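Examination of the molecular architecture
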Amino acid sequence: MGRYVLRRLLQLIPVFFGTTLLIYALVWAVPGDPFAGKCGERACPPDYIQFMTEKYHLDDPWPLQYLYYMGHLLTGDFGQTFGGRDIGEIIAQAYPNTLKLALVGLAIEAVIGLTAGILTGLRRNGFLDNLVLVSTLFLLAIPTFVSGFLLQFILGTQFKIINPTVSSEVPFHELIVPGFVLASISMAYVARLTRTSIAENSRSDYVRTAVAKGLPQRRVVGVHLFRNSLIPVLTFLGTDLGSLMGGAIITEGIFNINGIGREAYRAITTKESATVVGIVVVLVLVYLLMNLLVDLLYAALDPRIRYE
Amino acid sequence: MSNVYVADQPSAAREGRPSGRLLEVEDLRVEFRTRDGVAKVINGVNYHVDAGETLAVLGESGSGKSVTAQTIMGILDTPPGFVTGGEIRFHGKDMLKMSAEERRRIRGEGIAMVFQDALSALNPVFTVGFQIAEQFRVRRGMSRRDAKIRAAEMLDQVKIPNAKQRVNEYPHQFSGGMRQRVMIAMSLALDPEVLIADEPTTALDVTVQAQIMDLLGELQRERQMGLILITHDLGVVADVADRIAVMYAGRIVEEANVYELYAKPAHPYTIGLLESIPRIDEKGQQLRTIRGLPPSLLKIPSGCPFHPRCPMAQPVCPEKLPPLLQLGPTRASACHFAEELVNRD
Amino acid sequence: MSDPTSGSLVTTPPPEQPGVVGDTAPVGAGLPETKRDQPRGLLGDAWYDLRRKPLFWISAGLIALFVVMAAFPFFFTSGSPNDPVGTGLSRSLEGPSGDAWFGTDILGRDIFARTIYGARASIIVAVAATLGTVLLGASVGVLAGFRGGWVDALLSRIADVFFGIPFVLGAIVILFTFNPEGAGSNEWKIMGLVILALCLLSWPVAMRIMRSSILAAKNADYVVAARALGASNSRIIFKHLIPNCLAPVLVYATILIGAYIGAEATLSFLGVGLQSPVVSWGVMISDSQQYIRVAPYWLLFPSAFLVTAVLSFVMLGEAVREALDPKLR
């Protein structure tokens, strides 16, 4: 087990640096003047250019720049925006909101997806099964921005059941509809994954053995079938938390949630390169750590992995 | 000649007399409804097993031997499998008419089963101790601790070394032979009266096969169980079986005690099976096989289903289905020419 | 299931069984009774299965319709996507009517005509991006799976790097970097960039799918046998591995086309993908945002087309997957 953790951890390090390097290169090191258009419509003030050149070592080749940047990062310094705001502060302010949104989405996805998947996996080809199959197909087919828009328009503007936009304190109950929108595609996926997994495992030899042992149906399903079937679902849910945060940009835009995705979008459109890199670094880090956690969870749940 | 009568006659049990048999399968019929059509997998199987007796069920893959066992255990996949007729009597009571709960109580305690591939038949995410112990917990109401101790004892009984430690290991940590021992320990946990072993050694090395067969034979004698040994391997059954039932295309084609069957098989299919065993005294000669392929169960040949492959086939064979004729107190054959075969030199 | 071809797409005829018992020639013994009883092989089996699925026919029909719509939009509408229906802005934001079935937008353009013409950009982008993604991902996957060792480790880590970038964010960054706002709106260049961004961010999935199929197939008996017979690496890869490992990637590709139609619309909606004068469903939905209260039909119709198109590909992928995966039967 210890060696397994270590190996996964070692694999994670090059991926973290690779991803951040890629984003860094995209944002800063494209051929041409790094300040062209980076300060809005006007040309950048000379003292700013000087400050940024020093701060990000823009006179050095960009791989070196990247190393300097990562060095600052390790001391917790994300750098400053054009306006002089601390980027670390921006992230610290926006991040909890995104986390809240992603957690609400994850909870909705887990509850609805698992319930639908388990019910249909156990009773295939019934009315409910077909209903769930059709509705998951629809959920998979509706892009987030369309479902977000429609729900905002119908529930918020037409029927006034919810606030069309989330207030600045971001209370949990206002995040239910945005969370549903954010997680809708994953929810359909969870339902299908659970259904397939249960359907496949219910025909497996060991479930048959459990029946042949004379165990009650409850126990066959509740212990032998579920334990095996839910392993892939749990690991998907784990990795999805990271993806939900990375993908929250559209939902946050539609419902006006002051989260990290909206900050990233604002930063991209206002060419605040350092902010973009900072946010992506945080998102990638969280994503990779979630993946590591899921791998460990997987190893804990499935003994076959541990002894590889 | 005079001792020939048709075995398909109404049996004693149907006339209300308890047969006293432990487990009895009568005229069992099972079909698989697939998208390609209805496959008649079992077409009237009759066999029985008594306490302390070993019945070997022999046949090629697709002959219906495993499906019969699954139907007895009540683990037939439905759909596609459906029982369309017959009875399975345990202590004289038809299990097919029992409630699901009654049948469940028989599983494990009355009839237990050893599966072919222990690796897939054991749950990969639980320790073997858990999987054995849960029977004691659920069926005997034992505490977790006591059940674990009993599980270790069961592993010890099937001669797994270091049972106390290995009880906490997972199935994939055992070797093939050891895994099959675990499987056997699990099936014997609740002291079943009948044990069905479905090709218990097929997935194992030859040397390990013999060990497992010896173990099964030993445990069967100790516990005076009825043992139904399902196999396609004639070599495996010779030492352990008391009686042999040969299956072909969902029917019993020959039944005999083991000596009679080896000495003088009374069905061309059995003859073919025996002849296809490689023999040391025929070294250098071409190995004899049975020509052709087992029939498609979607389209079983008319008359005697074996006729397309039978070297003795006569015009009557595709016309008429031969009934299972009782040829003696312990033997029967479903061939139009069974008597001639028995009486040949 | 020890038959190595049982999981493959390649049909192998059943071996002839030698009949040796007895001297008499077998009368019709062992011969297949009719053609129908012969094993069909996985592809034949899948097709047999597909043909009886209404899901398959519905999705295939819809896809065919969208493809025709993209190729020959003028078959469906005599209207023009860019010219207003009336004179000037006289018929701005009108509801659905006899000559403008889906109504008109703020510039008085026929929404029905624009929706029909919008299919083209969406489908071109989705199909091209899918082709690129699958070609790139599958080639890298074959290489990684077949070579193994450090090549595999390196390629897998590179795939992880691209996979680690959040999709939407990554696409926005790529599109913004290479196509800064106001840098001219050559529609082919933007389309190419969108396609490139989609490929770059999604190829790791195709790579992983291909890699794991190759890894599984590499040690299969028929590949070992081919190698023992002296087949070259390229022959093993192209004759044995790729045909046998294609199915999962094909299923992924089908669903991916649908996903990419949605992704293209998302990026256009965010203002970083296609832009006017290119007509696409995403562009239309994006344009309709501010007028949702006064002209909900402007949002509704392109959205409905978009969702139907995505749904068709997802359904087709679903049907194909079910047909190819015997476990699900």
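Residues numbered from 1 in each chain as written. Chains lettered and ligands numbered in written order. Predicted model: local features only at pLDDT ≥ 70, side-chain atom pairs only at ≥ 80, totals over all residues.

1. Digging into the packing of helix H9 (residues 217–246) of chain A against helix H12 (residues 273–301) of chain A
Residue and element names in this part refer to chain A. It is the contact of H9 with H12, at a shortest axis distance of 8 Å, that shows an interaxial angle of 175°. With respect to H12, the element H9 is oriented roughly antiparallel. Contacts between H9 and H12 involve Ile231, Leu234, Thr235, Gly238, Thr239, Leu241, Gly242, Met245 and Gly246 from the former and Leu283, Val286, Tyr287, Met290, Asn291, Leu293, Val294, Leu297, Tyr298 and Leu301 from the latter. Residues of the contact of H9 with H12, tallied by class, amount to 13 nonpolar, six polar and no charged. (Axes fitted to C-alpha atoms, helices over the stretch in contact; angles between N-to-C directions. Helix = DSSP H or I, 4+ residues; strand = E, 2+ residues; numbered from the N terminus. Parallel < 35°, antiparallel > 145°, perpendicular 65-115°, else oblique. Contact = placed C-beta atoms within 7 Å. Nonpolar A, V, L, I, M, F, W, Y, C, P; charged D, E, K, R; others polar.)

2. Concerning the confidence of the model for chain B
All names here are of chain B. Summarising the model, chain B shows a mean pLDDT of 83, and 93% of its residues fall at 70 or more. Counting contacts from residues 1–18, a segment whose pLDDT is below 50, to residues more than four positions away or on other chains yields 24 contacts. The ipTM value of the predicted complex is 0.83, and its pTM value is 0.81. (pLDDT = per-residue confidence, 0-100.)

3. Concerning the nonpolar core
Among the nonpolar cores identified, the biggest contains 167 residues, and C:Ile172, C:Val194 and C:Tyr260 are the most heavily contacted of them. If we skip the residues at most four places from it in the chain, C:Val194 touches C:Val125, C:Leu175, C:Glu264, C:Leu267, C:Gly273 and C:Leu274. Within the second largest apolar cluster, 104 residues are counted, among which are A:Tyr206, B:Leu55, B:Ala56 and B:Ala334. (Core = buried A, V, L, I, M, F, W, Y, C linked by C-beta atoms within 7 Å. Buried ≥ 20, exposed ≤ 12 C-beta atoms within 10 Å, placed from the backbone.)

4. Quick word on the interface of chain C and chain A
At the interface, 33 residues of chain C touch 35 residues of chain A. Of all the secondary-structure elements, those providing two or more residues to the side of chain C that touches chain A are helix H4 (149–164), helix H5 (167–178), helix H8 (233–269) and helix H10 (296–324) of chain C. With nine residues, H10(C) is the single largest residue contributor to the side of chain C that touches chain A. In terms of residue class, the side of chain C that touches chain A is built from 22 nonpolar, six polar and five charged.

5. Overview of the UniProt feature "domain: ABC transmembrane type-1" (unreviewed entry) in chain A
Within this numbering scheme, the UniProt entry marks residues 95–298 of chain A as carrying the feature "domain: ABC transmembrane type-1" (unreviewed entry). Here residues 95–298 of chain A is 81% helix and 0% strand, with 27 Å between the C-alpha atoms at its ends. (UniProt positions renumbered as here; feature names shortened; annotations may be inferred.)

6. Thoughts on the domain arrangement of chain A
Residue and element names in this part refer to chain A. Per the domain assignment, the segments of chain A are domain 1 (2–87) and domain 2 (88–301). Summarising the inter-unit geometry, the C-alpha centres of domain 1 and domain 2 are found 31 Å apart. Taken together, the contacts link 25 residues of domain 1 with 22 residues of domain 2. With 13 residues, helix H1 (residues 2–28) is the largest single contributor of residues to the side of domain 1 that touches domain 2. (Domains from an automatic or database assignment.)

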